[in-house]
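Results of the structural survey
Listed below, chain by chain, are the residues.
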Amino acid sequence: MKKIKYFIAITTMIVVSSCGDKYLDTENLYGKSLETYYSTPTDIEEAMAGVYNAIYTPNVHSNESMAASLMSDMMLGGGGPDDKSAKWVDNFEDPQEDTYRDMWTQSYNGISRANAIIEKTPDADFSPFFESPEIAQKYKDQVIGEALFMRAFYYFRLAKFFGGVPLIVTIDDPRDVARASYTETFAQIASDLKLAIETIPDTSFPNIDESQFGHANKWVAEAYMARVFLFYTGYMTNIEGQSTSELPLVDGGSLSAANVTAYLDDCMSRSGYQLTPDFRNLWPYSYVNQSAGANVLPWAETEGLSWVGQDGHSPSFGSGNYETMFVQRFSFGDWQWSNGNIYTNRLCLFTALRDNSLVPFGQGWGWGTVNPKLWSTWDDADPRKEGSILEVGNDDQGTGGYAPDKGDHETGFFNKKYTAIQHGDGTGGNKGMFVQLYNWGNADMQLMHAQDFIFMRYADVLLMHSEITGTATGMNAVRERAGLPAISYSLDALKQERLHEFSFEGLRWFDIVRWGDVNTAFNYTLNVKNSGTTATYSPNYRTETKGLVSIPETEVRLSNGVYEQNPGW
Amino acid sequence: MKIRFLKGIYSLAFFMLCSFAHAQSVSGTISDASGPLPGANIAVKGTVNGTISNFDGEYTLNGVSSDAVLVFSYVGYVSQEVSVGNKSLINVILVEDANSLEEVVVVGYGVQKKALITGASVNLKGEDIAALNTGTAMEALQGVAAGVNITKNSGQPGAGTRVTIRGLGTIGNSNPLYIVDGVAVGDIDYLNSSDIASIDVLKDAASSAIYGSRAANGVVLVTTVKGRKDSPAKISYDTYYGVQNVYKNLDPLNAQEYMYIMDEGRVNDGFAPNDWQAILSDNPWLENNYPGLGTQLGEEIWDKLQNGWEGTNWINEMTQDNAPVQSHAINITGGSEDIIYSFGASYLEQEGMIGGNITNAGFKRLTTRLNTQMVLKKNEEHAIVTIGENFTYTNTENRSVAAGNIYWNDLHNALVQNPLQPAYWQQSIDSNVNEFGFTPTLDGLNTGQTNPLAVLNYRHNYNYGKGNKVIGNVFLEIEPIKDLKLRTSYGIDSWFGHNRSMNPTYHLGLLYSDDVDGAQQSQYLGSNWTWSTTASYDRELGDHKLNVLLGTEVLQNQINNEVGGSRNNLLFPGNPKYAYVNNTQSPESVSDINTWGADWAAGGGGLVSYIARAQYNYKEKYLFSATVRADGSSNFAKGNRWGTFPSVSAGWIMSDEDFMSGTSDFLDFTKIRASWGQNGNQSIPNFIYSSQIAYVFPGYFFGDTKPVSGTTSYPAKVTNPDVTWETSEQLNIGFDARLFNSKLGVTFDWYKKTTIDWLLEAPILGTSGAGAPFINGGDIENRGIELVLNWNENIGDFKYGVTFSGSHNKNEVTRIANTDGIIHGPSHVLSQGTSEVSRVEVGQPIGYFYGYETDGLLQNQDEVDAYVKPTDGSPYFNDLRPGDVRFVDQNQDGLIDEADKVYLGNPNPDFEMGIQLNLEYKGFYANTTLAGKFGMQVMQSYRSFADSFDQNYTSDIFNRWHGEGTSNTIPRLSTISNRNTQYISDIYMHNADYLRINNLTVGYTFGEILKEMNAPISNLKVYAAVNNLHTFTNYDGMDPEVRFGHDASWASGIDLGLYPQARTVMFGLSVDF
């Protein structure tokens, strides 16, 4: 028994001596904690960048510009024989389930991040970080308004593709709610934009510091309000058959055409944005001769093109861009990074020449080949024609050495606004123009497209103004810039103007949907070549889909059937 | 020992006095396989006369009559009886008793007599493992340990194994817990088989519950070789040399076959056949960059083809015949009365069959080990203070080639590369296209088809790195009073190493060029420590025996440092000797420089545990054991950190009962066992419970700072502070029996293992707005039976043994806590653009194959016409033709869509078996081990059927459909993507049952002869062995054992062209001094 006592005494000592929890406490040295986040302007800067980061989608089909381009009537599927998915999207077939899931989840990621800023910023005390409480308040107004805009931006992205979607507008909102109606969703978008316009300080664009380029501002919110108004009223009237002239608000009110026109008038009179004198100087091909130090694009030399750049009014390269209002910013990619190819503009890669690596137009995957109808019906006198469409087999365009028969849906025309641009690097090889401009170390042709994608430019403000007011002033300003004579307003004239001004900018698809033209836009047959074999091309738009894509199947299953699938899918 | 020895001398003297007059004196030496055996018993049968062998194994026994029989015995050895006759010298070699019930086996924090074990475990001896000459010890367990599924990750040297004990219980980390001499380690591949004394695999929950939180996947206990008390130094040297060859190679099409098959695809689609001459000569990239060469290359190839050249067999170009493997191991063991020691040093060098002669691919491992133990204080009965250490140092160099998915697999590259491109081209060197003469891309054929040898070379040749491990422990054992043992042990698991690589420049095609060179260097260093303290006490009260153990254990992450950096633009381009970061030009842009550094253990973290165990038996007949372990893990939030894992087990040795006496003439031993217990799993990353703000890189780009992004962060995951232990619960019922004088052994087990609160990242609704959290969100059930039969018999000098083991396991996921009930596998696995192949889903086994069921091919137009929708009688597809696949419309809704996808197969075997045969006759011996797995399937695709139509085929394509009745499995050829191959269906699936002769060894032991020659060598053994001698299978791929599962660790059975298994022929030698 003595031994047993001995045993118990010793073991008790052992147990007591190893004082448990001190070995279990850990400190997180490689991340911040949610509890203390959103408390300083630095946190907010980082979190706001996080909101914008949700614009990127790993799956290329979830990229707004790519999806809208493939579905539009002015671009075909293209690509190689193995690029089935591009052709499926182009032909309104569901390529595979979950094609657009990244768009869905990334939009909600952006929305949740914006919700946190909207809720947490008002409570934070930023006065120690600024000279005066007024400046601190102005800073808060900017970030809250900007977060509201970005939330509207993401809901608008969702609504354009999917229709009504679940509305999550606070941190603690339940996530398993059903899809809101189309009208409820747009009411949320309109209300957020309205509050953003009312909240963001009204600093004109030239007075906004260059370091803020890429952030949304009051004028961008005003322009988006017009876009949302036109889309909603058009969709309800022409697709749903419910004639609608007002944009609803969450509180039960609504915005009329006159309200929206007032926003546009405000934007036109006070924003400081203006048209770039030469339309073609918006696009990077206008800089390639300067970058190369040689006349690699004879046409640009003849036309005296000179790029305005893409970092705002005081860009690193180019003369200053006062037209571009809101963009998806792109840089270079790296395969070593997680999803390392999403930071480069894949529209440039995917719609560039297939299996042809020319100077200055480099190689891409040949998706979204251009409908030849656009080329043949477009007046040669309009400089935007050659400024938008890349014609192959033309020495003046640097495409004389184009070798055909490399891809499908080949029409001989490619996207010139967003494409691969390259020239010699002085050692006998070719490298991407942006790689050389920014002296980037990785010259991979898939990762070299540091061209921003323009969501909104001032020309759209002018054309939307014309369309909402039914007046020709804005439209004629755009025509004047293109060297075209003034005309009187008609919807048909405006439609044509938008087609020519914004081709391949991801707007056409949504325009034909809201005008209701989508139901007839695809009644055509083209002769194309599929990897050298002549074939006919005729897309099969299904009116029952009402211009919407499918809700990701996995989301429908995860919702336990709470989400109703869109018609036709 | 000294006491017993003295007693022996006294008694010897006593007998000398008493019985001198009647009889003779007998003397001799007693030894075992490894040398003299001190302390063995020698007794005259039927008398009290006896003695004990001395330090040198020698004995002398007086007063033995000539008709007496001497009995030589030693615990753990088979006793031998020898008639004295007129012999005065009797030397005996005792043989260890494999079926000994007296033998002790390692259990957690102690040892136990094998007969008294109440759980389910497997015990293997180091020498049996070493005899199989496998690169790693775990490979040797294949087919040897029932219920332990061993799959080689690939045939690549140093690739390691996947070990699954009693079925997959998680889709996370399913590795068992490895404990070497009490120290938890990640795996045991750092040990040479010669370092291992024994491996004990604890399979049931009750056996492993003493390891609590980390034991849900089972426990592998390894004991390294220890010295032996009172024995002179035994020096042994083991070596083998072998050559490896690809066991079974695939047969890609040659140039003529390739062109024929490509053309057939085009003709099937209504296109004209290819103009091969034009295609070969149209190489715009080459022509543009090296004017004239593009055409010249094509014309040279065309000329060669006209002269009967059959093209390049890329697999042959990439593989090396007779890749050597060699191993050397020295072991020194011994001990004095108070000190025992064991020293080991070994070296393994294995060249790779693939890339071995291009990039010097291969695996090298050097290990050294020193185990010592010394008694510092003792009294007459027992040692009081003992200290010791066990340390192993390992240095490895692994130069590997890519063996992963279709984008990272050198063998797959070789399989799919067109045979028209020569491997090397002199003009390539002469015109400065490529210094090694690799032929540039034939981009007229396909810009994406880069020379696979160039890819192998540039991807792997310029990486240099070595890894080191120091693993071991020091311990102190105090026995202040008899049978009360206090033991404390401090162990470390540490690693360090360095890597260096050169990023070369090359230009071989439009899509295979790199202009920017650079150098990268990195170093890492890490260590975890474990401090265990236990107190155990044995108490005997009459027929009652009780053993109690209490203890604590703390494991801490001490350091896990990694730093590195890279810079572009080498000062000495193309020369890897100078490829150091300092030898680069000053960076011109931010992308020219990259650095990183973190100590992942700096924030702390670890485990704290309390252990208790009680073992009780009555007359060694009724056995009970109970354990409980409480673990705290820093991976969970405060409040959820602690988990308690209890277990109970019981055994009944029925054969000791009186009522069994009727069977005792054939039934030597019967034990019935039952156990129940719980184990935990905590293997999730730290801080998962709190919402982490994650920094992303790149983030977003504001202002004119491109290409540098601003700092960007967001909440990484939805918060789940409630996440806690995953628990695995297992019920085990079994019995052990020995029959016919222990010639026949039978072990049977039935188990049911349920994993509850399974830790997983289940997909969540996109509206959640952040990544999916880890949740305790699922249940899995594994049920199975295991049977081991062994037979050992000696017929005169002829000894033989047979062991058969078989196991069956059924795996089923019973709950996933989201409404989808599915965890999806990756897409783009078999081809770019194809959907998922593997899934985890409720009601199915983990990683089952998912896709369309097919009903053969449409053989003719009548069958095409008959393949119509049940709904309206119209065809399922508008473009159906004979030779197309007939997909099954499961729900008969007239659509072949997602709803028609079903379970196709299971990569996990239903049944596994192993057979071992051992024969021995007068020094000659032969051993063989067979392992088989049955009832599993493999998804096979050696090319991207659904896209990339220029990729080569294997000669299997000759079995394609090309007319009615020619095939019912391989659809017609095509040059465009079509659903026949785009849809994942059972046309890709194959049964992969196999039985493999893992090892056959034939050898000779010179034991007796050496003794007679009085050689300084105590033992000499020579042998020849073949590993992977033959595989009996109907599977037509390289190997039916397919670990690869793409990006999902839980998936397996996806054969995209594996690193093939070697057949290795070896010659070996063992010598003891």
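These figures come from a predicted structure and were not determined experimentally. (Residues numbered from 1 in each chain as written. Chains lettered and ligands numbered in written order. Predicted model: local features only at pLDDT ≥ 70, side-chain atom pairs only at ≥ 80, totals over all residues. Heavy atoms only, no water.)

Focus on the overall build of chain B
Scanning chain B from terminus to terminus reveals 15 helices and 55 strands. What you see for chain B is a C-alpha radius of gyration of 33 Å, in line with the 31 Å of a compact globule of 1073 residues. With the C-alpha coordinates aligned to their principal axes, the bounding extent of chain B is approximately 110 × 70 × 65 Å. Counting over 1073 residues, chain B shows a buried share of 57%. When contacts within chain B are restricted to residue pairs at least 6 apart in sequence, long-range pairs at least 24 apart make up 70% of them. For chain B, the computed accessible surface area is about 41700 Å², with 54% contributed by carbon and sulfur atoms. Put simply, chain B has 71 plus and 115 minus side-chain charges, and the middle of one group is 9 Å from the middle of the other. (Helix = DSSP H or I, 4+ residues; strand = E, 2+ residues; numbered from the N terminus. Rg over C-alpha atoms; globule rule 2.2 N^0.38 Å. Buried < 20%, exposed > 50% of the residue type's maximum accessible area, 1.4 Å probe, protein only. Contact = heavy atoms within 4.5 Å. Areas by Shrake-Rupley, 256 points an atom, 1.4 Å probe, with all protein chains shown as cover. Lys, Arg positive; Asp, Glu negative; His and termini not counted. Charge placed at Lys NZ, Arg CZ, Asp CG, Glu CD.)

Observations regarding the pattern of salt bridges
Residue and element names in this part refer to chain A. Enumeration according to the criterion identifies 76 salt bridges over all chains in this entry. Arg 280 is the salt-bridge partner of Asp 278, the closest N and O atoms lying 3.0 Å from each other. Of the charged contacts in the structure, one is a salt bridge between Glu 501 and Arg 384, with a shortest N-O distance of 2.7 Å. Here Glu 501 is found in helix α18 (residues 491-502), whereas its partner Arg 384 is found in helix α14 (residues 383-388), with 117 residues between them in sequence. Grouping residues by exposure puts Glu 501 and Arg 384 together as buried. (Salt bridge = Lys/Arg side-chain N within 4 Å of Asp/Glu carboxyl O.)

Here's the deal with the sheet that holds strand β50 (residues 937-940) of chain B
All names here are of chain B. On the basis of which strands lie adjacent, the open sheet formed by three strands has the order β51-β50-β54 and mixed pairing. Each having just a single partner strand, β51 (989-991) and β54 (1054-1055) make up the two edges of the open sheet. With three bridges connecting them, β50 and β51 associate as antiparallel partners. Residue pairing in the sheet places Met 939 in a bridge with Met 989 of β51. (Pairing = 2+ DSSP bridges.)

Description of the nonpolar core
Counting 176 residues, the largest nonpolar core has Phe 149, Phe 162, Phe 186, Tyr 224, Met 325, Phe 326 and Trp 509 of chain A as its most contacted members. Discounting chain neighbours no more than four positions away, the residues touching Phe 162 of chain A are Tyr 100, Met 103, Trp 104, Arg 179, Leu 548, Val 549, Ser 550, Ile 551, Pro 552 and Asn 566 of chain A. Within the second largest apolar cluster, 41 residues are counted, among which are Ile 354, Phe 438, Ala 454 and Tyr 1059 of chain B. (Core = buried A, V, L, I, M, F, W, Y, C linked by side-chain atoms within 4.5 Å.)

Points about the packing of helix α8 (residues 218-239) of chain A against helix α9 (residues 257-270) of chain A
Residues and elements named next belong to chain A. Where α8 contacts α9, the axes come no closer than 9 Å and their chain directions differ by 145°. At the point where α8 passes α9, the crossing takes the left-handed sense. Along its contact with α8, which presents Lys 218, Trp 219, Glu 222, Ala 223, Met 225, Ala 226 and Phe 229, the element α9 presents Ala 257, Val 260, Tyr 263, Leu 264, Asp 266, Cys 267 and Arg 270. A breakdown of the residues in the contact of α8 with α9 according to their chemical character gives ten nonpolar, no polar and four charged. (Axes fitted to C-alpha atoms, helices over the stretch in contact; angles between N-to-C directions. Left-handed = near helix turned anticlockwise from the far one by under 90°. Nonpolar A, V, L, I, M, F, W, Y, C, P; charged D, E, K, R; others polar.)

Some words on the side chain of Lys 160 of chain A
With respect to the element layout, Lys 160 of chain A can be found in helix α6 (residues 133-162). Only 2.6 Å separates the side chain of Lys 160 of chain A from the side chain of Glu 64 of chain A, close enough to count as a polar contact. (Polar contact = N/O pair within 3.5 Å; in protein donor to acceptor, adjacent residues only side chain to side chain.)

Structural notes on a nonpolar patch on the surface
Where nonpolar side chains cluster on the molecular surface, the patch consists of Ile 795, Phe 798, Leu 919, Tyr 921 and Phe 924 of chain B and spans about 480 Å² of accessible area. With respect to the helices and strands, Ile 795 of chain B occurs in strand β40 (residues 778-795). (Patch = residues over 30% accessible without salt bridge, like charges linked within 9 Å, V, L, I, M, F, W, Y side chains within 5 Å.)

Details of empty space enclosed by the protein
Under the criterion given, the structure shown has 13 cavities of 30 Å³ or more. There is about 490 Å³ of room inside the largest cavity. The set of elements that each furnish at least two residues to the lining of the largest cavity consists of β18 (231-246), β20 (339-351), β21 (362-378), β52 (994-1005), β53 (1019-1033) and β55 (1062-1072) of chain B. Grouping the constituent residues of the lining of the largest cavity by class yields ten nonpolar, 19 polar and four charged. Considered as a void within the structure, the second largest cavity measures approximately 110 Å³ in volume. If you trace the second largest cavity, you find it lined by Phe 156, Lys 160, Arg 227, Leu 230, Phe 231, Asp 460, Met 464, Arg 498, Leu 507, Phe 510, Asp 511 and Arg 514 of chain A. Those elements giving two or more residues to the lining of the second largest cavity turn out to be α6, α8, α16 (458-469) and α19 (508-514) of chain A. The residue makeup of the lining of the second largest cavity, split by class, is six nonpolar, no polar and six charged. (1 Å grid on protein atoms, 1.4 Å probe; cavity = no way out; pocket = protein on both sides within 12 Å on 5 of 7 lines; lining within 4 Å. Points joined across faces, edges and corners; volume = space filled by probe spheres on them.)

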